[in-house]
Amino acid sequence: MSGQANSVLQQEMPFDTVMRQSPLGMAVIAMDGTYVAVNDAYARIYGYQPSEMQGHSFLMVFPDDQQQSLLHLHQNFLTHGGSLSGEWEVVRKDGTHSHVISESACIRGQDGTDRRLVYVTDISLRRKIEAELEASKIFAHAVIDGLSSQLCVLNENGIIVSANHAWRQFYIENGGDPELLLRPVSYLEICAAANGSQRRGQTDTSDFPEQLKRVLQGELQTFEIEYPWHTPTERRWFIARACRLPGVSPARIVISHDNVTALKNAQEELQESLRFTRKIIHSMQDGFMVLDKRFRPVEVNPAMCRMTGYTESLLLYSEHPFPYLCHMASEELTQLFHQIHDATEREIEFVITHPEKGPFPASMTASRIYDEDGQVMHYIAIIKDITERRRVEQEIQRLAFYDALTGLPNRRLLHDRLEHCLRGSRRHTLHGAVLMLDLDNFKPLNDHFGHDAGDCLLIEVANRLQTCVRASDTVARLGGDEFVVIICELDSETGTSFELAAQIAEKMQQSLTIPYQLRLRNGESEKVLQHHCSASVGVALFAAPEHHAADILKRADQAMYQAKERGRNRICFADFPPRRRASVH
């Protein structure tokens, strides 16, 4: 660690030595997020040297889109306490992504300043260790299973010349006469006794002696047979093997009996698991595919067929690997294949063309299956129809930026459009104008005829205002009976721009004074209400960079209130050329 970091630790953390020598990644982070101290183990996890991290923000190891929220969590932890731990996605120095698990503790120095002590463990190393431990357990079990085999050795006459403990124990536990083993005994004699005492309902193993005779006579080199040997409390299966040892004189035959009950049960469980898995896949509402390493489908579920409109045989054996993507050019398909190969947890979005329903948006999540050599053997893909999700997203977008009643831009989008107009004004040195409109005597309509009448009027007003402006201009509703119109790129001259804005305002007023035919429903009946309406209009010219959005809206609003104070149904300007009246009428 640097001298500065050592100094801090000497003053505030008596565990300096522990931290430096700890195999765990440890770091001390200040309130502003900068590393105060970093040990070697911590830096190695991210591929840095400690000196490359100290003095920098801890956010350097996190993806950009997570940095703000993580800084907030860090500062909230130091301010309010609680816990800050979990699994995180991090970015190493070389740009690769990995995952770590961290635990945090709040430590207070002698200066009274709180800092966060973080312990970090690289999960990839942990997973590697877990895999090695699992492999070690499997190996140990294999060794134990091998030692538990019942082994005996026969001479060429079939006489038992030796037997291991497992064989003797199995023989005695299953009804064999231990006295018989005290003298030379033929294995065939033992087989005859076992077959004679075989319980009803168990498979006959009488074929074993016949095969053994052929091995003793040299007609067979080896054979094996699987047989059941059940007890009243347990169902058991065994495999018996006989092998004539080559090149051994005098001749020796090795007999082994292995209890394969666990294997038999595992096979049955595996088959049941496969059947169950297939049922799950076939009952999925999402499309499911297994692709070979050339990206050709080898298995699909019924949902995939329903979603794409193609039968299983067409999906599996079509000349085109994805007939529902036939609209894609070969370059697009190649890019899709690369995305499938590289995909981990992110979604791949594309368009599926149904032969009857047409195109619709879909998403795919893919994962890879590897063979024993670590090579990609298959890909698993889950496909979702995201039509409804897209609709919801669009609806959310609409609700966020548009007025639910009139469909006009709301206050948020209005500010965005005004900023955009100001940028255009800067580029082209042209004036613009903001018109603030408020309907006169709107409240009595609501009070007498209800909100449905008011809503009908607002919708018609919105439609009329839009016919008075260009497509590049913006008509927005602030709320209630207030509307705002943004007119961009009028003219470079102030006086001309004033005249143009006044003409537009007058055009809007004239349009709004035309009588309204409001259709009101009461149950199944409908009546038409004729209504007269006018509007008070405030106009504010602007020319960037002299003006700012908030100021422009404020001046237009003030001008609109002046119009109301002067008797309503008027147009007032917030700023105007010299020798020009502020009120048009």
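Residues numbered from 1 in each chain as written. Predicted model: local features only at pLDDT ≥ 70, side-chain atom pairs only at ≥ 80, totals over all residues. Heavy atoms only, no water.

## Things to note about the side chain of Asp403
Right, so step 1: Tracing the backbone shows Asp403 in the loop between helix 14 (387-401) and helix 15 (411-428).
Right, so step 2: Owing to a relative accessible area of 15%, Asp403 belongs among the buried residues under this scheme.
Right, so step 3: If we ignore the near neighbours within four places in the chain, the residues touching Asp403 are Arg398, Leu408, Pro409, Asn410 and Arg477. (Helix = DSSP H or I, 4+ residues; strand = E, 2+ residues; numbered from the N terminus. Buried < 20%, exposed > 50% of the residue type's maximum accessible area, 1.4 Å probe, protein only. Contact = heavy atoms within 4.5 Å.)

## Side note on the pattern of salt bridges
Right, so step 1: All told, the structure shown has 24 salt bridges when counted by the stated rule.
Right, so step 2: For Arg391, the salt bridge goes to Glu388, with nearest N and O atoms at 2.6 Å. Remark: Glu388 and Arg391 occur in helix 14; sequence separation between them is three residues, near one turn of the helix.
Right, so step 3: Residue classification places Glu388 among the partly exposed residues on the basis of a relative accessible area of 46%.
Right, so step 4: Among the ionic contacts, a cluster of salt bridges with common partners joins Glu349, Arg389, Arg390 and Glu393. (Salt bridge = Lys/Arg side-chain N within 4 Å of Asp/Glu carboxyl O.)

## Regarding the sheet that holds strand 2 (residues 35-38)
Right, so step 1: An order of 2-1-5-4-3 is seen for the five strands of this open sheet, with the pairing classed as antiparallel. Each edge of the open sheet carries a strand with a single partner, namely strand 2 and strand 3 (86-91). Each strand of the sheet is rotated relative to its neighbour by a mean of 35°, with strand direction disregarded.
Right, so step 2: Examined bridge by bridge, strand 1 (residues 25-29) and strand 5 (residues 114-122) share five bridges and lie antiparallel to one another. The residue of strand 5 that forms the bridge with Ile29 is Arg116.
Right, so step 3: Against the sheet, helix 5 (residues 67-80) makes contact with strand 1, strand 3, strand 4 (97-108) and strand 5, and its axis sits at roughly 125° relative to strand 5, the strand it touches most. (Pairing = 2+ DSSP bridges. Axes fitted to C-alpha atoms, helices over the stretch in contact; angles between N-to-C directions.)

## Topic: the packing of aromatic side chains
Right, so step 1: For the coordinates displayed, the defined rule picks out 13 aromatic pairs.
Right, so step 2: Ring centres of Phe58 and Phe62 lie 6.0 Å apart, and the angle between their planes is 80°; this geometry places the pair in the edge-to-face category.
Right, so step 3: On the accessibility criterion, Phe58 (4% relative accessible area) is buried.
Right, so step 4: Judged by relative accessible area, which is 10%, Phe62 ranks as buried.
Right, so step 5: Note on Trp167 and Tyr187: the rings are 6.1 Å apart at their centroids and 40° apart in plane angle, and the pair reads as tilted. Here Tyr187 lies in helix 8 (residues 187-196) and Trp167 lies in helix 7 (residues 165-173), a separation of 20 residues in the sequence. Neither Trp167 nor Tyr187 differs from the other in exposure class; each is buried.
Right, so step 6: Here the aromatic cluster, defined as three or more aromatic residues joined through ring pairs, consists of Trp167, Tyr171, Tyr187, Phe208 and Phe223. (Phe/Tyr/Trp six-rings, centres within 6.5 Å; stacked < 30°, edge-to-face > 60°.)

## Quick look at the nonpolar core
Right, so step 1: The biggest cluster of nonpolar side chains holds 38 residues, and the ones touching the most others in it are Leu435, Leu437, Leu439, Leu457, Phe483, Met508 and Val539.
Right, so step 2: Put simply, the parts of the chain that give this core at least two residues each are strand 16 (432-439), helix 16 (442-449), helix 17 (451-467), strand 18 (482-487), helix 18 (494-513), strand 19 (516-522), strand 21 (535-542) and strand 22 (571-573).
Right, so step 3: Sorting elements by how many residues they give to this core places helix 18 first, with seven residues.
Right, so step 4: Those residues in contact with Leu457 that sit more than four places away from it in its chain are Leu439, Phe442, Leu445, Tyr516, Leu518, His531 and Cys533.
Right, so step 5: Judged by nonpolar contacts, the second largest core, of 29 residues, contains Phe295, Leu316, Leu336 and Ile383. (Core = buried A, V, L, I, M, F, W, Y, C linked by side-chain atoms within 4.5 Å.)

## What about the sheet that holds strand 9 (residues 237-244)?
Paired through backbone hydrogen bonds, the strands of a sheet run either parallel or antiparallel to each other.
Right, so step 1: The antiparallel open sheet is built from five strands, whose spatial order is 7-6-10-9-8. Strand pairing shows two members of the sheet lacking a second neighbour, strand 7 (160-163) and strand 8 (222-228), which therefore form its edges. Taken over all neighbouring pairs, the strand axes of this sheet differ in orientation by 20° on average, direction set aside.
Right, so step 2: Relative to strand 7, strand 6 (residues 150-155) is paired through three bridges, and the arrangement is antiparallel. Residue pairing for strand 7: Leu154 is matched across the bridge by Ile160.

## Overview of helix 19 (residues 549-565)
Right, so step 1: In this model helix 19 runs 25 Å from its N-terminal to its C-terminal C-alpha over 17 residues, within 8% of the 24 Å that 1.5 Å per residue would give.
Right, so step 2: Taken as a whole, helix 19 has its buried residues at Ala549, Ile552, Leu553, Arg555, Ala556, Ala559, Met560, Ala563 and Lys564.
Right, so step 3: Where helix 19 is buried, its residues meet helix 15, strand 16, strand 18, strand 21 and strand 22.
Right, so step 4: The positive-phi residue at the C-terminal boundary of helix 19 is Gly567, with phi of around 115°. (Expected span 1.5 Å × (residues − 1).)

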